[in-house]
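Remarks on the overall topology
Okay, here's what each chain looks like letter by letter:
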Number of protein chains: 6
Amino acid sequence: MRLLLLNPNTSRDVTELMRATGAAAAAPGTEILTATAPRGVPYIATRAEAQIGGAIVLEMLAEAPPVDAAIIAAFGDPGLLGARELFDYPVVGLAEAAMLSACMLGRRFGLVTFARALVPWYEDCIEAHGLAQRCAGVRSLEGRFASLSDVQDEKEAQLVDLANAAVAEDGADVLIFAGAPLSGLAARVRERLPVPVVDQVVAAVKLAEALVAQAPRKATAGSFRRPDPKPSHGLAPALAARIAHTD
Amino acid sequence: MRLLLLNPNTSRDVTELMRATGAAAAAPGTEILTATAPRGVPYIATRAEAQIGGAIVLEMLAEAPPVDAAIIAAFGDPGLLGARELFDYPVVGLAEAAMLSACMLGRRFGLVTFARALVPWYEDCIEAHGLAQRCAGVRSLEGRFASLSDVQDEKEAQLVDLANAAVAEDGADVLIFAGAPLSGLAARVRERLPVPVVDQVVAAVKLAEALVAQAPRKATAGSFRRPDPKPSHGLAPALAARIAHTD
Amino acid sequence: MRLLLLNPNTSRDVTELMRATGAAAAAPGTEILTATAPRGVPYIATRAEAQIGGAIVLEMLAEAPPVDAAIIAAFGDPGLLGARELFDYPVVGLAEAAMLSACMLGRRFGLVTFARALVPWYEDCIEAHGLAQRCAGVRSLEGRFASLSDVQDEKEAQLVDLANAAVAEDGADVLIFAGAPLSGLAARVRERLPVPVVDQVVAAVKLAEALVAQAPRKATAGSFRRPDPKPSHGLAPALAARIAHTD
Amino acid sequence: MRLLLLNPNTSRDVTELMRATGAAAAAPGTEILTATAPRGVPYIATRAEAQIGGAIVLEMLAEAPPVDAAIIAAFGDPGLLGARELFDYPVVGLAEAAMLSACMLGRRFGLVTFARALVPWYEDCIEAHGLAQRCAGVRSLEGRFASLSDVQDEKEAQLVDLANAAVAEDGADVLIFAGAPLSGLAARVRERLPVPVVDQVVAAVKLAEALVAQAPRKATAGSFRRPDPKPSHGLAPALAARIAHTD
Amino acid sequence: MRLLLLNPNTSRDVTELMRATGAAAAAPGTEILTATAPRGVPYIATRAEAQIGGAIVLEMLAEAPPVDAAIIAAFGDPGLLGARELFDYPVVGLAEAAMLSACMLGRRFGLVTFARALVPWYEDCIEAHGLAQRCAGVRSLEGRFASLSDVQDEKEAQLVDLANAAVAEDGADVLIFAGAPLSGLAARVRERLPVPVVDQVVAAVKLAEALVAQAPRKATAGSFRRPDPKPSHGLAPALAARIAHTD
Amino acid sequence: MRLLLLNPNTSRDVTELMRATGAAAAAPGTEILTATAPRGVPYIATRAEAQIGGAIVLEMLAEAPPVDAAIIAAFGDPGLLGARELFDYPVVGLAEAAMLSACMLGRRFGLVTFARALVPWYEDCIEAHGLAQRCAGVRSLEGRFASLSDVQDEKEAQLVDLANAAVAEDGADVLIFAGAPLSGLAARVRERLPVPVVDQVVAAVKLAEALVAQAPRKATAGSFRRPDPKPSHGLAPALAARIAHTD
């Protein structure tokens, strides 16, 4: 089974962090390919960046080698529904996978993230997945950090404090460290937290495996059937070909 | 007052149709500028195309001359929240303006559109605006039409039939002909319908005027404040500059 | 275009305050007529008063000269749905217009008002419009004020403080000073607030203009069609005539 | 225990029908007083009439003799929240009592009524009580009937057919014949229906008794505390006195 | 009328407390029978215990003498829907009866209980009844108490403090002391609270009476019709007979 | 990894059907243990049976050998929340796993089942998981079938017809054959259906694996922490020991 872990951000070291986290959890026989956005921002943090990054996701998927499933590896799931519609294999978002996993471990999950700018976008994402009633709240670090790829080390103590506060004050039954740069943190700190912790990348890899196990066919009916062929102008060639059914 | 009517589709004749419809309703002193997508698809009809088109909207806004407000002139409102976050003036979506206007004319509105492919995207849009309970249903033509810009003429009778069915069978109190190519149809057929009809472009122009009348400042707090400057790579220069605060 | 700004309260100076606020925002050609409740309370603040005031609104509309649209100029919108059903022209509520305008400027709006007694009624109104999820909260002054028509001057500093708290603590993206006596305050204090502020009267006038631009016909089907003629006993003559279709 | 069964309509024979229905179900010691609206319409059927009728309810309550609880005996509950706020004893609505009773007998209730004009108002009422998810639908007779007070006899067969359709097609677990003129019908036809039937007046009398058994004090805090004294102008004297705390 | 007050807990003194509370409120002619769980836990406090206790409820009902209605006398209503489906007479839950009564006395009710362990189960119960929007919050004592049947005496002052906090801080319009051991407390402390207080057992008895007054037939259609006969293995004989239609 | 596939029904051949379906999808290293209810009904179909069966689930789990996770292998998830609270390893329900998987493959899923009696219970289950908005509807066979374990063969054509109707008429994007006896059907018929099909047992096994990959700790805080020790009377010894913390 070949999974594409697609980072819509341009940060290659975050891609590698996620790959390593996912590989450790993958079943025997699961091969994880990666792709890092060739253009865009170092990390998507706002609605505008998610709009742009989601379009880049579609370009990247159109250019990707054949796979059995893909993971949109940014919490917030930019481009998820468009990708699910346009491509033939299952596509899973990092936020979606983490939150659905958390639903099986408690009534309400708490999100902990590393930058305040992310919060409105994450809240929109929770709402879009219809999971607002399952979310106990979103807590974030304030202030600056030295490096995106090391933020989980630099701020480990504060992140654990926020997670404990999400349990004690917000009523979270289960925790998610949200945001690609926090991948792998769960395993390191779970002993310091009183409730289960979901790792977003582990969730995405395992749920992608779960979907592939269903051998789901591409819909030819319903709201996720592949759209009819359509001409376009000025789009990335592979994406244009996918839209035109000339791929 | 200068309003930018921004068509995220590449169909220039639809832009002109919307401009004419809007100009007839604009207040004295309202000047309507237009922009048509330089790349993309002739008309956005799916989630994937909306993802791409919404990113193009942001590019177009970044390249636009100074205006007092902008209208994203595709029903479905691609890129709306990102635009509202990134730019300093009010931005209104065609769907948003039509649906909020309809809320003041009845309890539930019925949507009538010209292509089945549009329905899932429109339903997502209704949901995203939190208006699902105000929507009596979405009805669409089946089958092909000769030309996008003439679809409202070619299919006028069928569209009126669908609208009447939305009232009689779905319980709509008010109607919206949804989709940019249907702009201006309301005025022509309203005598044949038993409930008020909202024209999406008229709604957008008047609600844009309404927002400009509030002289709203750009938020420096809350979830629509302008994001902090951020570097990017490979984006359209004007958009990159806007994101980097170097515009 | 003739708009009737109908104050369901008996406070004539508040009517004048609203008229002046609205006139400054009206389009060229919009004429604002006013009416002040001939009976009732100085300002409606409770559910019981709204029940009574809403019935008086219907009497006042039945006695009004011909207009193109009417504004029920009390935040809380007493009698709105009844008026929309019974009369042939568009009718807009102050709360409805302000809140729908705010929806286009942010995700969640904060209300700030001048008396605690108003809060339950306003909360019912928000709920009735289906906008509870868009509301960040309602904050109010505590304690007494010297004069209804001057409360916005007397308490300006405290009202601005509440508005800032609605942003900082409740997560409001946009603000509304709610309650007729606060009309016009937005323009004066917006520089002291970090998010857009909606003036309720400006919103109502502009949205009434927006509805008139749609030239909406009176429904003959659906839930807002004019009710069939019915006899009555002991009602105000003009209202009885409207209900009996003898007007 | 003295219960006031207050008919907001002017139809005295409907008042008597309800009184008789209620008396047969009342506990020993429960005395049912009645009042019929001195002005208004023969039967409230629309939002406008409910607005007017609800204000008349408040006048009637202000003029009523001392009671232990009151029933607003029109399905749709005109003036209910205002009455609950303004007066010291429990006030129950006919719709509220019937629907809450039905919630204890099934998952979803079906409403059957006698005139199409009533449906939008009833739907608003269901929504206002937060019970939309418990309602399987509202069905109504079409066309005219000879006499309001005899409609349940004249149309008995059709009403039973509608009720059976509500079970078979809408999935109702329990039925309510809605509208004051249908009081007492349940007892007569229940053998012809496959699910429990709630009589609205029986429900209201028994739930009023249930509230009196709690000996609930008048709130001095919260959203139903009695409003502070307020002057008014031109209202019915007893109502004005109640509002002014001079009663 | 014979009501079965069925305590799913094994605490006989709590059964007696509830019987006495209910008897004082019952109408003349209402006879209250009691049953106490022959196996199970002293008081159900968790979801697991409610699962077990609810199954014991069904056994107890199958073994009970003929009655006109039954009350599942544990706040949380273990086994309620199953009982309502399986048996021919009305079945009411303590939580359901208390919360529906409270809905007629205010907009939002506050729950006050005696042990933190109960809170998640109560919250699930509120959600299951579709009443989350009517609940202002659940407050509970912290720490241990000497005896279940005396907890309302031992902790009276703290329970009153919590109730006052529910009004002042959570916005409760009406209060419920939740949990069988708190039965009867309402009558003793209501003078110390500024809003109406609902006693759960009084509510259950009176609402059971209200349902019996409807003389509801057992559904033979809809989702609460008696299930078809089915064999079983190893269940309590009376329950097996009920399921097999051999009772 | 050891997974316990626990059948709350007494049908051993259905247990074997599920085991075989699950084993084919399990990752290398996943061992599937099974348990079949020693008492209860052949297949749980109603709320009452689910109440009883859920209590038996808890007994069975208390008596089970050590495992890494458990699956409650009845669509409807009897006892799920109680089990999640009481035991230390992850517990997944068949319905939960199938529905959450379906959420990643479309906007709305359609359920197809084999007996009308199951529908209300399934609808309650969908609601309890907060997924009503994601469900396009529940369709079921009417009438009798020869044998529970062969129903999927006997009725294959009709089940496929229902599934196609769920897509064409209800708008399902993805399908679930619901009910333990339909396990494995998806793989056989998916070529005859135009949208992805989720197999409930495959979903449960893969999601159980996904949860084990998170190595979730048992909560010591939040609403799913293990309840404090409590005495009980008359319960199955292993269950009593678990509740008493003497296991």
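Reading guide: rules and limits
Residues numbered from 1 in each chain as written. Chains lettered and ligands numbered in written order. Predicted model: local features only at pLDDT ≥ 70, side-chain atom pairs only at ≥ 80, totals over all residues. Heavy atoms only, no water. UniProt positions renumbered as here; feature names shortened; annotations may be inferred. Helix = DSSP H or I, 4+ residues; strand = E, 2+ residues; numbered from the N terminus. Rg over C-alpha atoms; globule rule 2.2 N^0.38 Å. Buried < 20%, exposed > 50% of the residue type's maximum accessible area, 1.4 Å probe, protein only. Contact = heavy atoms within 4.5 Å. Buried area = accessible area lost by both parts, 1.4 Å probe. Polar contact = N/O pair within 3.5 Å; in protein donor to acceptor, adjacent residues only side chain to side chain. Nonpolar A, V, L, I, M, F, W, Y, C, P; charged D, E, K, R; others polar. Pairing = 2+ DSSP bridges. Axes fitted to C-alpha atoms, helices over the stretch in contact; angles between N-to-C directions. Parallel < 35°, antiparallel > 145°, perpendicular 65-115°, else oblique. Left-handed = near helix turned anticlockwise from the far one by under 90°. Least-squares fit on C-alpha atoms with pLDDT ≥ 70 in both. Domains from an automatic or database assignment. Core = buried A, V, L, I, M, F, W, Y, C linked by side-chain atoms within 4.5 Å. Phe/Tyr/Trp six-rings, centres within 6.5 Å; stacked < 30°, edge-to-face > 60°. Lys NZ or Arg CZ within 6 Å of the ring centre and 35° of its normal. pLDDT = per-residue confidence, 0-100. Salt bridge = Lys/Arg side-chain N within 4 Å of Asp/Glu carboxyl O.

- Under an unreviewed UniProt entry, the name given to chain A is Asp/Glu/hydantoin racemase, and the source organism is Methylobacterium nonmethylotrophicum.
- Quoted straight from UniProt, the Sequence similarities (unreviewed entry) entry for chain A says "Belongs to the HyuE racemase family."

Points about the overall build of chain A
- From N to C terminus, chain A includes ten helices and eight strands.
- In summary, chain A has a C-alpha radius of gyration of 18 Å against a globular reference of 18 Å for 247 residues, a match within 12%.
- Principal-axis analysis of the C-alpha atoms places the extent of chain A at approximately 55 × 35 × 35 Å.
- Out of the 247 residues belonging to chain A, those deemed buried represent 69%.

Let's talk about the interface of chain A and chain F
- Between chain A and chain F, the contact holds 47 residues from the first and 47 residues from the second.
- Taking both partners together, chain A and chain F bury about 3,600 Å²; carbon and sulfur atoms supply 64% of that area.
- If you sort the residues of chain A by the area they bury against chain F, Met104(A), Gln214(A) and Arg217(A) come out on top, with a joint share of 22%.
- Across the contact surface, chain A and chain F share 14 residue pairs in polar contact (both at pLDDT 80 or more).
- It is helix 9 (residues 200–213) of chain A that contributes the most residues to the side of chain A that touches chain F, eight residues altogether.
- Split into classes, the residues belonging to the side of chain A that touches chain F amount to 28 nonpolar, seven polar and twelve charged.

Brief notes about the pairing of strand 3 (residues 69–72) of chain B
Residue and element names in this part refer to chain B.
- The alternating pattern of strand 3 places Ala69 and Ile71 on one face and Ala70 and Ile72 on the opposite face, and all of these are buried.
- Here strand 1 (residues 2–7) runs beside strand 3; their pairing, made up of four bridges, is parallel. Note on strand 3: the bridge partner recorded for Leu3 is Ala69.
- Bridge analysis of strand 3 against strand 4 (residues 91–93) gives three bridges, and the strand direction is parallel.

Considerations on the packing of helix 1 (residues 12–25) of chain C against helix 9 (residues 200–213) of chain C
Residues and elements named next belong to chain C.
- Relative to each other, helix 1 and helix 9 sit at 55°, their axes nearing to 8 Å. By the angle between their directions, the pair helix 1 and helix 9 is classed as oblique. The two elements helix 1 and helix 9 cross, and the hand of that crossing is right-handed. Of helix 9, the residues touching helix 1 (which contributes Met18, Thr21, Gly22 and Ala25) are Val201, Val202, Val205 and Lys206.
- Tallied by class, the residues present in the contact of helix 1 with helix 9 amount to five nonpolar, two polar and one charged.

Some details on the relation of the copies chain A and chain F
- You can overlay chain A on chain F at an RMSD of 0.0 Å; the transform is a turn of 180° with a shift of 0.0 Å along its axis. Here the transformation between the copies is reduced to the relation of a two-fold axis.
- When you check the interface residues of chain A against chain F, 100% turn up at the interface there too, and the contact is symmetric in its surfaces.

Regarding the domain arrangement of chain A
Residues and elements named next belong to chain A.
- Partitioning chain A into structural domains gives domain 1 (2–94 + 203–244) and domain 2 (106–199).
- Each of domain 1 and domain 2 has a C-alpha centre, and these two points are 23 Å apart.
- Between domain 1 and domain 2, the contact holds 21 residues from the first and 23 residues from the second.
- When domain 1 packs against domain 2, the two sides together hide about 1,700 Å² of surface, and 70% of this comes from carbon and sulfur.
- It is Tyr43, Arg47 and Phe75 in domain 1 that bury the most area against domain 2; as a group they hold 37% of the surface buried on that side.

Points about the sheet that holds strand 2 (residues 31–36) of chain B
Residues and elements named next belong to chain B.
- Pairing within the open sheet is parallel, and its four strands lie in the order 2-1-3-4. The outermost strands of the open sheet, each flanked by one partner alone, are strand 2 and strand 4. On average, adjacent strands in this sheet sit at an angle of 25° to one another, irrespective of strand direction.
- Helix 4 (residues 94–103) rests against strand 3 and strand 4 of the sheet, and its axis sits at about 75° to strand 4.
- Packed on one face of the sheet, helix 9 (residues 200–213) meets strand 1, strand 2, strand 3 and strand 4 and runs near 155° to strand 3.

As for the nonpolar core
- Judged by nonpolar contacts, the single largest core of 153 residues is most densely connected at Phe109(A), Ile176(A), Phe177(A), Phe109(F), Phe114(F), Ile176(F) and Phe177(F).
- Here Ile176(F) is in contact with Phe75(F), Ala98(F), Met99(F), Ala102(F), Phe109(F), Gly110(F), Leu111(F), Val112(F) and Val198(F), once residues within four sequence places are set aside.

Here's the deal with the pairing of strand 6 (residues 135–140) of chain B
Residue and element names in this part refer to chain B.
- Of all six residues making up strand 6, five are buried, and the element is well covered by its neighbours.
- The pairing of strand 5 (residues 109–113) with strand 6 spans five bridges and is classified as parallel. Opposite Gly110, over in strand 6, you have Gly137 as the bridge partner.

With respect to the packing of aromatic side chains
- Enumeration over the complete set of coordinates arrives at 36 aromatic pairs over all chains.
- With a centroid separation of 6.1 Å and an interplanar angle of 20°, the aromatic rings of Phe87(E) and Tyr89(E) are classed as stacked.
- For Phe87(E), a relative accessible area of 4% translates into the label buried.
- Ring centres of Trp121(E) and Tyr122(E) lie 5.6 Å apart, and the angle between their planes is 40°; on these two criteria the pair is classed as tilted.
- The class for Trp121(E) is buried, based on a relative accessible area of 6%.
- Residue Tyr122(E) is classed as buried on the basis of its relative accessible area, which comes to 2%.
- Counting every residue linked through ring pairs, the aromatic cluster contains Tyr43(A), Phe114(A) and Phe145(A).
- A cation over an aromatic ring shows up here: Arg47(E) above the ring of Phe224(F), its NZ or CZ 3.9 Å from the ring centre.

Describing the confidence of the model for chain A
- Chain-level statistics for chain A give a pLDDT mean of 97 and a share of 100% at 70 or above.
- Complex prediction metrics read pTM 0.97 and ipTM 0.97.

Thoughts on the side chain of Asn7(F)
Residue and element names in this part refer to chain F.
- Among the secondary structure elements, Asn7 is positioned in strand 1 (residues 2–7).
- At 2.9 Å, the side chain of Asn7 forms a polar contact with the side chain of Thr15.
- Aside from chain neighbours lying at most four places away, what touches Asn7 is Val14, Thr15, Met18, Ala35, Thr36, Ala37, Met60 and Ala73.

Focus: unusual backbone geometry
- A positive phi angle, near 45°, is found at Ala215(A), a position not held by glycine.
- Relative to the helices and strands, Ala215(A) is located in the loop between helix 9 and helix 10 (237–244).
- Taking relative accessible area as the criterion, Ala215(A) reaches 42% and is therefore assigned partly exposed.
- Positive phi outside glycine occurs at Asp77(D), with the angle close to 60°.
- Looking at where Asp77(D) falls in the secondary structure, it is placed in the loop between strand 3 (69–72) and helix 3 (80–86).
- Residue Asp77(D) is classed as buried on the basis of its relative accessible area of 6%.

As for helix 4 (residues 94–103) of chain D
- Most of helix 4 of chain D is tucked away: ten of the ten residues are buried.
- What helix 4 of chain D keeps buried is the set Leu94(D), Ala95(D), Glu96(D), Ala97(D), Ala98(D), Met99(D), Leu100(D), Ser101(D), Ala102(D) and Cys103(D).

What to know about the pattern of salt bridges
All names here are of chain F.
- Applying the stated criterion to the full structure yields 126 salt bridges over all chains.
- Where Arg2 meets Glu31, a salt bridge forms, and the shortest distance between an N and an O atom there is 4.0 Å. Highlighted residues: Arg2 in strand 1 and Glu31 in strand 2 (residues 31–36), separated in sequence by 29 residues.
- Owing to a relative accessible area of 29%, Arg2 belongs among the partly exposed residues under this scheme.
- Note on Glu31: relative accessible area 42%, which makes it partly exposed.
- One salt bridge connects Glu209 with Lys206, and the closest N-O pair in it is separated by 2.9 Å. With Glu209 and Lys206 both in helix 9 (residues 200–213), this residue pair falls three residues apart, about one helical turn.

Here's the deal with the arrangement of the chains
- For chain A and chain D, which are not in contact, the least C-alpha distance works out to 17 Å.
- No part of chain C reaches chain F; the closest C-alpha pair between them is 17 Å apart.

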